[in-house]
Amino acid sequence: MIATMFMNARVNECRKAMRHAEDFATWRDGALAFDEANGFEDWKHEDESPEYDWQLIRERLAQIRQYRDTRQVVKLMRHLRQGLHWNLGNMANPALYSHTYFGTKRLIETYLAEVVDALRFIADGNFPGLTAADKLRFFNETAASFGRSALMLSGGATLGLFHVGVVKALVREGLLPEVISGSSAGSIVASVIGTRAPDELEELLDPDNSYYHFWKPLSAREMWQRGALMDQKQIALGIARNTEDLTFEESYERSGRVVNVTVSPAGSNQPPRLLNYLTTPYLYLREAVLASSAVPLLFPPVQLMTKDDDGSRVPYMPGLRWTDGSLKSDLPGIRLRRLHNVNHFIVSQTNPHVIPFVRGANERTGVIGALREVAYGAMRGGAQSVIGVGKFGVPLSGVRRQLDNASSILDQDYRGNITIVPKVSVWRYAHVTANPKLEAVTRFILEGERATWKRIAMVRNQSMISQTLAACVKQLEIEAQRPPLRKLKVVAKR
């Protein structure tokens, strides 16, 4: 009886520590203590599980260790070149992270650490017959084959402040991907990251150093004249206060990160666009973000601007206007795959109409999860049927366009390999289109951090190989550019 009471007190203490944690280290210690108090650590140390191919992982771990310990570097490289695959043996199965509050099977973590050590061993070592060019080719090809991660930031108006906390948690753990996409509110956060050097990020993630007043209602007369509810000058000011005035190409050179912004067409006969340094290198970010944030009815469509060959700011495709990126392409996964070799997606999802139906971090798939999926599927199916009939039965083109937008919203998949979402609450929904006070901004950001801490182990495990491959490529490219050391000629003294 006493032992049970002590155990319950210990578990409650761990829960309280996680709930009130102000930093990741404190939360992690509470989570590990919670796992130990509940006996979850035993599950971590057992290799066997039907949720992944533990025998394959164990065999490959032993082989990599043997080749590295015996310095058989050629065999090790061939073994890794053909055997490194994202989600090998279903190691990325979310179910493997639902048994504990932090971490997963020790076998998986040991295998991943061994692969990283092996890659470093190849990159740093000197081996007879293995040239620097051979190494660079190996790492370039393996990195292209393995793929990499992207962070996708959804729309969500003021709820998008949650994204800042997600980014902050990833930055502090060295896990922020090089490829980042943003739509609507997410595009604002993405542009802030993309127009600053890496060493400037920490300062920008402080609520005191950013500007969060994006909303200003128009008067009734102005609403009638402009066909919008909000003053676009105010949100443009907010974007300008947070985002450097750079083109996509310039932002890539400044930050080293690939920023992608989605925009939807205001008219017909145009697909949604994914704007980045490859597709639109000379386009300015500020107008792109303004367009991606132009929610219909709230703001009018936006003209994009580009830098011409003499450095002047001129309209891009003057006859076209663009609106909210969330309407047609909230999470542009397919385009990111094709353009940036991405095959692993971390999603921060804050769209108000999506949050109730997306499973949160460490939530086990059970009756509640199944009911949520059924409800979401039924809602989407029913709404799409009604909209489909309306699109062909309504004679007014403006109404048909709005129905088409609604259909596009329902057709999209709003989840990634790892999905981070805020909790559903009246307080959050009440702040969707409000200028938050500093206290509310701080709360939104901290909630984003805490939701991300629950996913840190999963993010780290699923991205450490691609991060190591990228680091090795960069290291070898730098070494290849260095001139060889000149040998000093020793003159014998007479």
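Rules of the game
- Residues numbered from 1 in each chain as written.
- Predicted model: local features only at pLDDT ≥ 70, side-chain atom pairs only at ≥ 80, totals over all residues.
- Heavy atoms only, no water.
- Helix = DSSP H or I, 4+ residues; strand = E, 2+ residues; numbered from the N terminus.
- Buried < 20%, exposed > 50% of the residue type's maximum accessible area, 1.4 Å probe, protein only.
- Contact = heavy atoms within 4.5 Å.
- Pairing = 2+ DSSP bridges.
- Expected span 1.5 Å × (residues − 1).
- Arc of directions from axis to C-beta.
- Salt bridge = Lys/Arg side-chain N within 4 Å of Asp/Glu carboxyl O.
- Phe/Tyr/Trp six-rings, centres within 6.5 Å; stacked < 30°, edge-to-face > 60°.
- Lys NZ or Arg CZ within 6 Å of the ring centre and 35° of its normal.
- Axes fitted to C-alpha atoms, helices over the stretch in contact; angles between N-to-C directions.
- Parallel < 35°, antiparallel > 145°, perpendicular 65-115°, else oblique.
- Nonpolar A, V, L, I, M, F, W, Y, C, P; charged D, E, K, R; others polar.
- Core = buried A, V, L, I, M, F, W, Y, C linked by side-chain atoms within 4.5 Å.

Asks: Looking at this model, I keep getting lost on the overall build of the protein. Mind explaining?
Replies: Tallying secondary structure elements over the protein gives 21 helices and nine strands in all. Counting across all 494 residues of the protein, residues that qualify as buried make up 50%. Within the protein, contacts between residues separated by at least 24 positions form 76% of all contacts whose residues are at least 6 apart in sequence.

Asks: What is the right way to look at the pairing of strand β8 (residues 342–348) in this model?
Replies: Remark: a regular strand shows side chains that alternate across the two faces of the sheet. Within β8, six of the seven residues are buried, which leaves it mostly tucked inside the rest of the structure. In this sheet, β8 lies alongside strand β1 (residues 148–153) in parallel orientation, the contact comprising six bridges. The residue bridging Met-152 from the neighbouring strand is Val-347, located in β8. Across three bridges, the pairing between β8 and strand β9 (residues 418–420) is parallel. Bridge pairing links Val-347 to Thr-419 in β9.

Asks: Help me out: how do you make sense of unusual backbone geometry in this one?
Replies: Most peptide bonds take the trans configuration, and most residues that are not glycine carry a negative phi. With a phi angle near 55°, Ser-184 is a residue other than glycine that sits in the positive phi range. Within the secondary structure layout, Ser-184 lies in the loop between β2 (179–182) and α9 (185–194). Positioned with a positive phi, Leu-297 is a non-glycine residue whose angle comes to about 80°. Structurally, Leu-297 can be placed in the loop between α14 (285–292) and β5 (305–307).

Asks: Help me understand helix α4 (residues 54–69), please; the structure alone is not making it clear to me.
Replies: Given 3.6 residues per turn, any residue in an α-helix points the same way as the ones three and four places further on. With 16 residues, α4 should reach 22 Å at 1.5 Å per residue; the first-to-last C-alpha distance of 22 Å fits that figure. Within α4 the residues assigned to the buried category are Trp-54, Ile-57, Arg-60, Leu-61, Ile-64 and Tyr-67. For α4, the angular spread of the buried residues around the axis is 160°, confining them to a single face. α4 presents Glu-59 and Asp-69 as exposed residues on the side facing more than 90 degrees away from its buried surface. On its buried face, α4 is in contact with α5 (73–83) and α6 (106–124).

Asks: Before we go on, may I ask you to explain the pattern of salt bridges in this structure?
Replies: When the charged atoms of two side chains lie near each other, side chains of opposite charge can form a pair. Going through the model one piece at a time under the given rule, you end up with 25 salt bridges. The salt bridge involving Glu-287 is made with Arg-313; its shortest N-O contact spans 3.0 Å. Note that Glu-287 is positioned in helix α14 and Arg-313 in strand β6 (residues 313–315), a separation of 26 residues in sequence. Classification of Glu-287 by relative accessible area gives buried; the value is 16%. One salt-bridge network, held together by shared partners, links Asp-35, Glu-41, Lys-44, Arg-106 and Glu-109.

Asks: Whenever I open this one, the packing of aromatic side chains confuses me. Can you help?
Replies: The relation between two aromatic rings is expressed through the spacing of the ring centres and the mutual angle of the planes. Summed over all chains, the structure comprises nine aromatic pairs. Seen in terms of ring centroids, Tyr-252 and Tyr-277 are 4.1 Å apart; in terms of plane orientation they differ by 10°. Their pairing is stacked. On the criterion of sequence distance, the pair formed by Tyr-252 in helix α13 (residues 248–255) and Tyr-277 in the loop between β4 (273–275) and α14 is long-range, its members being 25 residues apart. Over the aromatic face of Tyr-284 sits the side chain of Arg-313, whose NZ or CZ is 3.7 Å from the ring centroid.

Asks: What am I meant to see in the packing of α6 against helix α21 (residues 456–481) here?
Replies: Two numbers describe a pair of packed helices, the interaxial angle and the distance between the axes. Orientation of α6 relative to α21, taken along the N-to-C sense of each, is 5°, at an axis distance of 10 Å. Considering the angle they form, α6 stands roughly parallel to α21. In contact with Glu-109, Leu-112, Ala-113, Val-115, Val-116, Leu-119, Arg-120, Ala-123 and Asp-124 of α6, α21 contributes Asn-461, Met-464, Ile-465, Thr-468, Leu-469, Ala-471, Cys-472, Gln-475 and Leu-476. In terms of residue class, the contact of α6 with α21 is made up of 12 nonpolar, three polar and three charged.

Asks: Would you mind going over the side chain of Asn-461 with me for this structure?
Replies: Summarising the element assignment, Asn-461 is placed in helix α21. A residue is classified by how much of its surface remains accessible, and Asn-461, at 10% relative accessible area, is buried. With sequence-adjacent residues up to four places away left out, Asn-461 is seen in contact with Tyr-97, Thr-104, Glu-109 and Leu-112.

Asks: How should I be thinking about the nonpolar core in this particular structure?
Replies: Burial of nonpolar side chains together is a common tendency in soluble globular proteins. Ranked by internal contacts, the top residues of the largest apolar core, which has 108 residues, are Leu-80, Tyr-111, Leu-119, Ile-122, Phe-139 and Ile-465. Ranked by the residues each element gives to this core, the list is headed by α6, at 11 residues. For Leu-119, the residues in contact, after removing those within four places along its chain, are Leu-80, Leu-84, Phe-138, Phe-139, Ile-465, Thr-468, Leu-469 and Cys-472. Ala-150, Val-179, Leu-336 and Val-347 belong to the second largest nonpolar core, which has 10 residues in total.

So yeah, pure geometry; function would need other evidence.
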